[in-house]
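A closer look at the structure
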Amino acid sequence: AGIRVIKAFNRIKYTIRRYYHAMVTYYKTGQATYFMQIAADQVRVSPIHIIWPMSLPFFAYLGLKGTIPIITWGSIIYFSRALLYYLDGTYKFFQKFRLYLVPANRLFDTLDIEPAITDSPDAKSIDDLQGHVQFEHVDFSYQPGHPILRDILFEVPPGKKVAIVGPSGAGKSTLAMLLMRLYKADSGDIKIDGRSVADIKMHSVLSQTGVILQDTFLFGGTIRDNIRYADPKASDEQIEEAAKAAGLHDDIINMPQGYDTDVAEGASLSGGQKQRVAIARALLKNPKFLILDEATSSLDVTTEWAVMQTLRENFADVTTLIISHRLNTIVDADEIIVIDKGSIIEQGTHEQLLKKRGFYNMLYQQQSDILETEKN
Ligand code: ATP
């Protein structure tokens, strides 16, 4: 996965050396284990190795005494060898079973962990959420004593677009993750359609939420399967419709096998194409909420503009949370929330915030100056 970085930093010999040492260690350990196993097999004494020789004189005694006259030396040896074969197999099975109990116990320990975020007992399944979001005095920390978000209070009416901006590490992505219920607020509440998120089945919320992140992960498989990931029941026609709306269809049909082109974990698609796959996935889901977390920041300005346009056209009525460092992509948001060190420091439309001449205005002017310098 790191081959481009290795080549770009000219660390080929270094990497080969590291790989070689790792492999030599692996080989030597494997070799030692193998020989120890063989040695252990030679000296291994299972109960049957003791019972078998002990049983021979017993059968011989019975045979000589005439108690069981039909038993011959041959039948004794044959019988005890057969017995040895089966019992030894059983013994080996239990030995292996004991060996596998260690990882099995770890596996079950993991499976037994109770999820920290659960639906409340009377949580309801709601299939037609309107998309009204309220953050009510939300505090959150990943580790106790290190608050990440403090007293977050804002509201997004159904279908409106709210942008979250602020310096790196301010807590923007954390805020989106709280809405997706990947984490739980320490205090305060997040409400959807007036109901606490804990009282709505997690499945209902996630099945109506579309997410487009900075890096779109594509699974090994065809481009069709990758779009279908959002809805396994989607027909080929629905997938093509979504790809058309996302502006990806023409690119796909020019690929060697069209929709059946193997995307090899995304290696064969450009950044813009991957983002369009993410848009097609989101479209297929027909979401009530859309979360864009730096969704276009890896794209060039022209592609970014085209992708934003596609998003505006296709998700006009969808409640959208846009997290972005590039302020030119969020100027038309219904509301912009500025976060710094986990707290909301400014809130309003682009024009209102410019007039305020505060933090947002400073960020916007800085970015405009940089763009102006780049143009010249
Ligand atoms: P960026 O613009 O760089 O993406 P952000 O504003 O989205 O930043 P977050 O990703 O929300 O910021 O992170 C906020 C803070 O929480 C950071 O200080 C980060 O180090 C910390 N943080 C993020 N994820 C975790 C985690 N899983 N465990 C502990 N701390 C975390």
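**Overview of the packing of aromatic side chains**
Counting across every chain of the model gives 10 aromatic pairs. Look at Phe 217 and Phe 219: their rings are 4.9 Å apart centre to centre, the planes differ by 75 degrees, and that puts the pair in the edge-to-face class. You can call Phe 217 partly exposed: its relative accessible area is 49%. Overall, the relative accessible area of 34% leaves Phe 219 in the partly exposed class. Three or more aromatic residues joined by ring pairs form one cluster here, namely Phe 93, Phe 94 and Phe 97. Against the face of Tyr 14 rests Arg 11, its NZ or CZ located 4.0 Å from the ring centre.

**Points about the pairing of strand 9 (residues 335–340)**
Two elements, strand 3 (residues 161–165) and strand 9, share 4 bridges in a ladder whose sense is parallel. Within strand 9, the position partnered with Ala 163 by the bridge is Ile 336. In this sheet, strand 10 (residues 343–348) lies alongside strand 9 in antiparallel orientation, the contact comprising 5 bridges. Residue pairing in the sheet places Asp 340 in a bridge with Ser 343 of strand 10. Hairpin geometry of strand 9 and strand 10 is characterised by an intervening segment of 2 residues between the two adjacent antiparallel strands and by a positive phi of about 50 degrees at Lys 341.

**Concerning the sheet that holds strand 7 (residues 289–293)**
With respect to topology, 6 strands assemble into an open sheet ordered 6-7-8-3-9-10, the strand pairing being mixed. The sheet is open, and its two edges are formed by strand 6 (209–213) and strand 10, each paired on a single side. Sheet twist, expressed as the mean angle between neighbouring strand axes with direction ignored, is 15 degrees. In the packing of helix 10 (residues 271–285) onto the sheet, contacts are made with strand 6 and strand 7, and the angle to strand 6 comes to roughly 175 degrees.

What counts, and where the lines are drawn
- Residues numbered from 1 in each chain as written.
- Predicted model: local features only at pLDDT ≥ 70, side-chain atom pairs only at ≥ 80, totals over all residues.
- Heavy atoms only, no water.
- Phe/Tyr/Trp six-rings, centres within 6.5 Å; stacked < 30°, edge-to-face > 60°.
- Buried < 20%, exposed > 50% of the residue type's maximum accessible area, 1.4 Å probe, protein only.
- Lys NZ or Arg CZ within 6 Å of the ring centre and 35° of its normal.
- Pairing = 2+ DSSP bridges.
- Helix = DSSP H or I, 4+ residues; strand = E, 2+ residues; numbered from the N terminus.
- Axes fitted to C-alpha atoms, helices over the stretch in contact; angles between N-to-C directions.
- Contact = heavy atoms within 4.5 Å.

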